[in-house]
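# Geometric and topological summary
Residue strings, one per chain:
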Amino acid sequence: MRTDLEALTADLIRIDSVNAGLVPGGAGEGDIADFVTDWLSARGFQCVRLERNAGRPSVVGIARGTGSVAAGTASAAGEDRGRTLMLNGHLDTVSLTTYADGAGLQPRIVDGRLYGRGAYDMKGGVAAVMLAAARAAEGELRRGDIVVALVADEEDVSGGTEEVLDHLRAEGIRIDAAVVPEPTDEVVMPAHRGFVWAEVTVRGVAAHGSRPDLGVDAIVRAGAFLTALGELGERLAAGPRTPLLGTGSVHASLISGGAEVSSYPDACTVTLERRTVPGEDAAFVEAELREIVDELAARDPEFSAEVRVTFERPPFDAGEDSAVVPVVREAYAQVTGREAEVTGMQAWTDCALLAEAGIDAVLFGPVGAGAHAAEEWVSLDSLVTLSRVLERTVREFTA
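As annotated in an unreviewed UniProt entry, the protein carries the name Probable succinyl-diaminopimelate desuccinylase and comes from Brevibacterium salitolerans. Note on the protein: under the UniProt heading Pathway (unreviewed entry), the record states "Amino-acid biosynthesis; L-lysine biosynthesis via DAP pathway; LL-2,6-diaminopimelate from (S)-tetrahydrodipicolinate (succinylase route): step 3/3." Quoted verbatim from the Catalytic activity (unreviewed entry) heading of the UniProt record, the comment on the protein is "N-succinyl-(2S,6S)-2,6-diaminopimelate + H2O = (2S,6S)-2,6-diaminopimelate + succinate".

This is the structure we're talking about:
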């Protein structure tokens, strides 16, 4: 298996799939979608290419079980349907700008580590999914279906998983659970944080730089907001902690304002990101920011600001009644002889979209380092472990 995983991961790394939404002129997922479609089709998967946005395709491959409703063998009431498991991985990567020309697309192996853009995030995970699904599909009869969803655009706005979910709903295909092999260093992660993006625009009064009697400096007053934002971050860090995710956090990301050196700026906009835990959403964050703005205005009659939430992705928590989490943990114990560590992921993933669609989901992926960094690698031994755990999980869950 190690040789097959090494070769397949290397093949995937060689295909440029830089997210075109993140990087203007990026290659997108067209070529890599062709590759995975051909590979899965050759192994008996019924594949559908979804391409709502030109050049940004996702691929859904299905291996039908004996109880598949689509196969016409399950009862109308679904008693013999069996459980369907999705393995969901993303095909896109971040940019290649940290590499010398072409180096990010040239996989190399050093001391059991496979290097290259996407090796860790997440072409290694995609290769493990493909091999695990193919091996499980070849095995003993299953009642449930195996669904492989290899999606575009996770690194930007997750349009690929959204399109896949729309397709599954339209086709009446129900997914009971999903495993997403984002890089977790072989830790089972049934939860992750969400995020809210917001803009706070502090108002001033434009005037000639020589007329402080007329001007109100929006940038200076934005400093008071930034100080208060830092204090909010400290309160969050010291506040109540969730068992898997700890606390929320906040940071200022961008700031813009002013027109020229000799004028008082009439506006200064601070763009911020608030990472959220279960129980916190866009409305919660907006109220939090408005409270800060109102307190600053009460202290300074010349302080005026507007709050606008621009984007939200929810936190995710599979909950204690998850059916797939114990299956993954048991599969890991069977493969490694060790009990799996369980914690939450600080970053956001497509698991939240799957959970919103009613799919029981969990994160479990390989050991490595360098996601989005100057150099990226994945452990080949860990990829073998991952693929074996996924295969066992598929077999058990869909039996």
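### Regarding the side chain of Thr276
Residue position: Thr276 is located in strand 13 (residues 267–276). At 3.4 Å, the side chain of Thr276 forms a polar contact with the backbone nitrogen of Phe195. If we ignore the near neighbours within four places in the chain, the residues touching Thr276 are Arg193, Gly194, Phe195, Val196, Val285, Arg313 and Pro315.

### Here's the deal with the nonpolar core
Within the largest apolar cluster, 82 residues are counted, with the highest numbers of intra-cluster contacts made by Met86, Leu150, Val179 and Val324. Considering every element that reaches this core, the biggest residue donor is helix 3 (residues 119–138), with 13 residues. Excluding residues that lie within four positions of it along the chain, Met86 makes contacts with Val147, Ala149, Val164, Leu168, Ile175, Ala177, Ala178, Val179 and Leu354. The next biggest cluster of nonpolar side chains, apart from the first, holds 24 residues, and it includes Val196, Val202, Ala228 and Val270.

### So, the UniProt feature "domain: Peptidase M20 dimerisation" (unreviewed entry) in the protein
As annotated by UniProt and renumbered to match this structure, "domain: Peptidase M20 dimerisation" (unreviewed entry) occupies residues 191–300. As annotated, residues 191–300 comprises 35% helix and 32% strand, and the C-alpha atoms at either end are separated by 41 Å.

### Things to note about helix 4 (residues 159–171)
The end-to-end C-alpha distance of helix 4 is 18 Å, a good match for the 18 Å that 13 residues give at a rise of 1.5 Å each. Where helix 4 is concerned, the buried positions are Gly160, Thr161, Glu163, Val164, Leu165, His167 and Leu168. Where helix 4 terminates, the next one or two residues include Gly172, which has phi positive at roughly 70 degrees.

Reading the values: the criteria
- Residues numbered from 1 in each chain as written.
- Predicted model: local features only at pLDDT ≥ 70, side-chain atom pairs only at ≥ 80, totals over all residues.
- Heavy atoms only, no water.
- UniProt positions renumbered as here; feature names shortened; annotations may be inferred.
- Helix = DSSP H or I, 4+ residues; strand = E, 2+ residues; numbered from the N terminus.
- Polar contact = N/O pair within 3.5 Å; in protein donor to acceptor, adjacent residues only side chain to side chain.
- Contact = heavy atoms within 4.5 Å.
- Core = buried A, V, L, I, M, F, W, Y, C linked by side-chain atoms within 4.5 Å.
- Buried < 20%, exposed > 50% of the residue type's maximum accessible area, 1.4 Å probe, protein only.
- Expected span 1.5 Å × (residues − 1).

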